[in-house]
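Single-letter residue listing:
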Amino acid sequence: MPLITLKALLTPPALARLTPEETFRLCPDPVCDVVYFSPSQTYGTGDLKVPVFQKDQAAGVPVCYCFAHKRADLERAAVTGTGQALEASIRAHVQAGRCGCEVNNPQGSCCLGNVVTVLRSLNRQERT
């Protein structure tokens, strides 16, 4: 996990407890409140400035943090058939170097994989 991610997304009180020498990992388990952990520290969902896609299933939670595409936006795109265009738009931004996932996305890496996974899942649901 890039340290810049924690520095960007932890609340001020949580950031004040950060031990930057530690190596942190993300816990993606949706039933666990822990978001980041190291051998000696943990940070939960309440320690972040943003909701965490993997932890919060609400429609208003971002799936793409850089370009503000929420779960509800992807659901709408699946229903209207515009999911591929939305995905292509994000890909174009990433290729143009506009992605800032290391500071915007709690997982510290590109959100595009999450977007693709959600859209594919929604498309499968639409067909059934």
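An account of the accompanying structure is given in this report. Only a predicted model underlies this, so the values are computations on that prediction, with no experimental measurement involved. (Residues numbered from 1 in each chain as written. Predicted model: local features only at pLDDT ≥ 70, side-chain atom pairs only at ≥ 80, totals over all residues. Heavy atoms only, no water.)

## Overview of the sheet that holds strand 1 (residues 25-26)
Note on sheets: strands pair through backbone hydrogen bonds, and any given pair is parallel or antiparallel. Strand order in the open sheet formed by three strands is 1-2-3, and the pairing between neighbours is antiparallel. Lying at the two open borders of the sheet, with one neighbouring strand each, are strand 1 and strand 3 (42-44). As paired strands, strand 1 and strand 2 (residues 34-37) are joined by two bridges and run antiparallel to one another. Bridging across to strand 2, Arg25 finds its partner in Phe37. (Pairing = 2+ DSSP bridges. Helix = DSSP H or I, 4+ residues; strand = E, 2+ residues; numbered from the N terminus.)

## Looking at helix 3 (residues 71-80)
Those residues of helix 3 not exposed but buried are Arg71, Leu74, Ala77 and Ala78. All buried residues of helix 3 project into a common sector of 120° when viewed along the axis, lining one side. Those residues of helix 3 that are exposed and angled more than 90 degrees off the buried face are Val79 and Thr80. (Buried < 20%, exposed > 50% of the residue type's maximum accessible area, 1.4 Å probe, protein only. Arc of directions from axis to C-beta.)

## Digging into unusual backbone geometry
The phi angle at Ala68 is positive, at roughly 60°, despite the residue not being glycine. Its relative accessible area of 46% is what places Ala68 among the partly exposed residues.

## A look at the pairing of strand 2
Relative to strand 3, strand 2 is paired through three bridges, and the arrangement is antiparallel. Bridging across to strand 3, Phe37 finds its partner in Thr42. Once strand 2 ends, the chain turns through four residues before running back antiparallel as strand 3.

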